[in-house]
Amino acid sequence: EKYTLKEIIFPDRKKLSNIITLAVINLVLFLASISIIFFIPAIIVYLTTIFCSCYVFDKNISIIEAIFESKNATGGHKIQLLGLMVKLLFPITVILLLSLMLAGSSNKLLIFPFVLSFSYSIAMLMFQRIVALLYYSFEDSGMDNEC
């Protein structure tokens, strides 16, 4: 088919809607593939190095040694660690979201940032406590038992 310049620049409504729909589908697929490509390795790296700070403070070793120690400690236990993190962090996330929803419903300007920072601080303290308890359970069990 031959198209005029006017038809190329200003397509009819049906072609325009098809072009926009395809552009949106391509964008969604592209973003999904990018997020999957970067999200899964990020989780694996995080679970591999989750105990680094514990090793640095508990055994007083260097950062590089702590990374290798954490890698050795979590080897073969990443799926169990991920399951535990999801189970233990889900209630913390729900409480954080509920507190943010309550703070967001206030008409006072400074309440939301205060509740956000306070809730986030409490959630991170709870998360660090969970990581420390997991570290000690890994160290006590000698990593022979599963999580």
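Predicted model only: the values in this text are computed from it and were never measured.

A. Region of interest: the overall build of the protein. Helix and strand counts for the protein come out as six helices and zero strands. In sequence order, the protein lays out its α and β elements as α-α-α-α-α-α. What you see for the protein is a C-alpha radius of gyration of 24 Å, clearly larger than the 15 Å of a compact globule of 147 residues, by over 25%. Seen along its three principal axes, the alpha-carbon backbone of the protein occupies a region of about 75 × 45 × 25 Å. Residues counted as buried form 18% of the 147 residues belonging to the protein. Put simply, of all contacts in the protein between residues at least 6 apart along the chain, 61% involve residues at least 24 apart. Element-wise, carbon and sulfur atoms account for 72% of the exposed surface of the protein, whose accessible area totals about 11,300 Å². Charge separation in the protein, taken as the distance between the mean sites of 11 positive and 10 negative side-chain charges, equals 17 Å.

B. Focus on the nonpolar core. Core analysis: the biggest nonpolar cluster contains 18 residues, and Ile 50, Phe 51, Tyr 55, Leu 81, Met 85, Val 131 and Leu 134 have the highest contact counts within it. Secondary structure elements with two or more residues in this core: helix H3 (52-59), helix H4 (63-74), helix H5 (78-104) and helix H6 (111-141). Here the element with the most residues in this core is H6; it accounts for seven residues. The contacts of Tyr 55, once residues within four sequence positions are left out, are Asn 60, Ile 61, Ala 66, Glu 69, Ser 70, Ala 73, Tyr 135 and Glu 139.

C. Highlighting the packing of aromatic side chains. The final tally for this structure, using the stated rule, is six aromatic pairs. Aromatic pair Tyr 46 and Phe 127: ring centres 6.4 Å apart, planes at 25 degrees, arrangement stacked. Placement of the pair is Tyr 46 in helix H2 (residues 13-48) and Phe 127 in helix H6, with a sequence separation of 81 residues. When the ring of Phe 51 is compared with that of Tyr 135, the centres are 6.0 Å apart and the planes differ by 55 degrees; the resulting orientation is tilted. Here the residue Phe 51 occupies a position in the loop between H2 and H3, and Tyr 135 occupies one in helix H6, the gap between them amounting to 84 residues.

D. Examining unusual backbone geometry more closely. Here the phi dihedral of Asn 60 falls at roughly 55 degrees; this positive angle occurs in a residue that is not glycine. Mapped onto the secondary structure, Asn 60 falls in the loop between H3 and H4.

E. Spatial organisation of the packing of H3 against H6. At a minimum axis separation of 10 Å, H3 and H6 run at an interaxial angle of 70 degrees. When the axes of H3 and H6 are compared, the pair comes out roughly perpendicular. Two packed elements cross with a definite hand, and for H3 against H6 that hand is right-handed. Within the contact between the two elements, H3 uses Cys 54, Tyr 55, Asp 58 and Lys 59 and H6 uses Val 131, Ala 132, Tyr 135, Tyr 136 and Glu 139.

F. Inspection of H3 at higher detail. Within H3 the residues assigned to the buried category are Cys 52, Cys 54 and Tyr 55. The arc that holds every buried residue of H3, seen down its axis, measures 160 degrees, which confines them to one face. Where H3 is buried, its residues contact H4 and H6. One or two positions beyond H3, positive phi appears at Asn 60, with a value near 55 degrees.

Reading guide: rules and limits
Within each chain, residue numbers correspond to sequence positions counted from 1 in written order. Only residues with pLDDT of at least 70 get local features here, since the model is predicted, and only at 80 or more are side-chain atom pairs given and counted; chain-wide, interface and lining totals rely on the full set of residues. No hydrogens and no water enter the side-chain calculation; it runs on all heavy atoms of the structure. Here a strand is any run of E in DSSP of at least two residues, a helix any run of H or I of at least four, and the numbering for each starts at the N terminus. Within these notes, the globule rule equals 2.2 Å times the number of residues to the 0.38 power, and the radius of gyration is based on C-alpha atoms. For every residue, the accessible area (1.4 Å probe, protein chains only) is compared with the maximum for its type, and the residue is labelled buried under 20%, exposed over 50%, or partly exposed between those bounds. Note on definitions: a residue-residue contact is assigned when non-hydrogen atoms from the two residues lie within 4.5 Å. For the area figures, the Shrake-Rupley method with a 1.4 Å probe applies, and any residue is considered shielded solely by the protein chains shown. Positive charge is attributed to Lys and Arg, negative charge to Asp and Glu, and no charge count is given to His or to the chain ends. Think of each charge as sitting on NZ of Lys, CZ of Arg, CG of Asp or CD of Glu. Remark: nonpolar core denotes a set of buried residues (Ala, Val, Leu, Ile, Met, Phe, Trp, Tyr, Cys) joined through side-chain atoms within 4.5 Å. Pairing of aromatic rings covers Phe, Tyr and Trp, the last counted by its six-membered ring, and requires centre-to-centre distances within 6.5 Å; plane angles under 30 degrees mean stacked, over 60 mean edge-to-face, and any other angle means tilted. Structural elements are reduced to axes, namely lines fitted to C-alpha atoms, with helices fitted over the stretch in contact, and the angle between N-to-C directions of any two is expressed from 0 to 180 degrees. To sort the angles, those under 35 degrees are grouped as roughly parallel, those over 145 as roughly antiparallel, those from 65 to 115 as roughly perpendicular, and the leftovers as oblique. Crossing handedness is read from the near helix: turned anticlockwise from the far helix by less than a right angle, it gives a left-handed crossing, and turned clockwise, a right-handed one. What the arc describes is the spread of directions from the helix axis to the C-beta atoms.

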